[in-house]
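Report on the structure
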Amino acid sequence: MKKFLQGKAKILFLCLFVVLTCTACSNPRGKDGKTKVDQIIASEVVKVEKGKVNVSEIEDEKLAKQYAKLKDTDIIEIQPKAFKDSFKDGWFEGLIVWPIAQLINKISSITGDAGFGIICSTILIQVILFLFTRKSQMSSQRMQEIQPELQRITDKYKDKTDDQSKMRMYQEQQALYKKYDIHPIGSLLVTFIQLPVMMGMYYATMRAAAVLTGTFLGISLQGTPMEGFKTFNIAYIVIYVLMIVCQLVSIKLPQWLKKYDDKRNNVKKKTYAEPEKSGMDTASMTMYMSTAMIAFLYLSWPIAMAFYWLVTSLYRICQTIVLHQLMKKQK
């Protein structure tokens, strides 16, 4: 195990570096929840009302004073942002955020709909990621499918702290990994590989000029779910609720599919002589807590963010079903 970790040390260090670098990115949204005007990425000159963007928290103080004299209904022009200008702000913005934002802008201009720009860009990027990380993603999905079995092993030894019991628990877990051809480190690495792209897509959705000025089937993407609940905007409410539901389904689906196959194939579960536990296991608690956090944050964010996360969750649901069928054929 020690030799294996030493062999993966460079990869793990690179992943940690990427995560820390991405975390350090500046927030493109102001305190008012609007995108800062100097953070918008456009592919051509875009005209927008001053009231729809944040002009008071930008780095250029001279420009901020100039905009402060304008009314909220006055039109300001946003100039195109070139690759070299984005790269000056960091490699993450230049190599990931800028290309994705421009992809959204381009598709939106072709289709005439910013929502389709988000949908097509999300699917295209996820497919490209899948082509490079297919085996790791399959291993990661198997890991999700066997979480109940792993939890049962953990519960079996939860009150045993002696070294012999810890060794037996480790051996049973390793046997389970071997049975399902799971490589835990590989499953962890795919998360770190996907994380920069996911964050890049998130930032690009907030900063793409097409999303700022565009709509999805006539629905503005700049209003917030909170505003939707206050004004009873059905479209905003539906998108927000679907986002939460699809997020939960995308997380639980691997276990549901595994449970369905086991029941269909009359697979007997391995049980342990222990009292039935009450309450939620750690994995379920983490899932519900993360979903609740997303739901809370997205209440005050532009509906474009909720729409992007909804599209991502729907893609994951479809991918989970496809991977599950591929793994059944492999067996």
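Residues numbered from 1 in each chain as written. Predicted model: local features only at pLDDT ≥ 70, side-chain atom pairs only at ≥ 80, totals over all residues. Heavy atoms only, no water.

Attention now moves to the pattern of salt bridges. If you walk through the whole model with that rule in mind, you get three salt bridges. Residue Lys 50 pairs with Asp 72 through a salt bridge whose shortest N-O separation is 4.0 Å. Here Lys 50 is found in the loop between β1 (46-49) and α3 (61-68), whereas its partner Asp 72 is found in the loop between α3 and β2 (75-78), with 22 residues between them in sequence. Residue Glu 93 is joined to Arg 207 by a salt bridge in which the shortest nitrogen-to-oxygen separation is 2.8 Å. Placement of Glu 93 in helix α5 (residues 91-111) and of Arg 207 in helix α9 (residues 184-207) is noted, with a sequence separation of 114 residues between them. Given a relative accessible area of 9%, Glu 93 falls into the buried group. Residues joined in a network through salt bridges with shared partners are Lys 81, Glu 93 and Arg 207. (Salt bridge = Lys/Arg side-chain N within 4 Å of Asp/Glu carboxyl O. Helix = DSSP H or I, 4+ residues; strand = E, 2+ residues; numbered from the N terminus. Buried < 20%, exposed > 50% of the residue type's maximum accessible area, 1.4 Å probe, protein only.)

We classify Arg 207 as buried; its relative accessible area is 4%. Polar side-chain contacts of Arg 207 include one of 2.6 Å to the backbone oxygen of Gln 39. Apart from residues no more than four positions distant in its own chain, Arg 207 is found in contact with Pro 28, Gln 39, Ile 40, Ile 41, Lys 81, Glu 93 and Val 97. (Polar contact = N/O pair within 3.5 Å; in protein donor to acceptor, adjacent residues only side chain to side chain. Contact = heavy atoms within 4.5 Å.)

This brings us to the confidence of the model for the protein chain. Scored by pLDDT, the protein chain has a mean of 77; 80% of the residues are at 70 or more. Across the protein chain, the element-wise mean pLDDT spans from 42 in helix α1 (residues 2-7) up to 90 in α5. Predicted confidence for residues 1-24 stays below pLDDT 50, and this span has 16 contacts to residues more than four positions away or in other chains. Within the model, pLDDT remains below 50 along residues 272-279, and this stretch shows nine contacts once partners closer than five positions in the same chain are excluded. (pLDDT = per-residue confidence, 0-100.)

Attention now moves to helix α6 (residues 114-145). Between the first and last C-alpha of α6 there are merely 35 Å, a value that for 32 residues lags more than 12% behind the 46 Å anticipated at 1.5 Å per step. Of all the bends in α6, the largest measures some 85° and sits at Thr 133. (Expected span 1.5 Å × (residues − 1). Bend = angle between axes of the 7 residues up to and from the residue.)

Further remarks concern the pairing of β1. Here is the key point about a regular strand: its side chains alternate between the two faces of the sheet. Residues of β1 alternate between two faces, with Val 46 and Val 48 buried on one and Lys 47 and Glu 49 left unburied on the opposite face. Both β1 and β2 contribute to a ladder of four bridges, which runs antiparallel. Looking at the pairing, Lys 47 lines up with Glu 77 of β2. (Pairing = 2+ DSSP bridges.)

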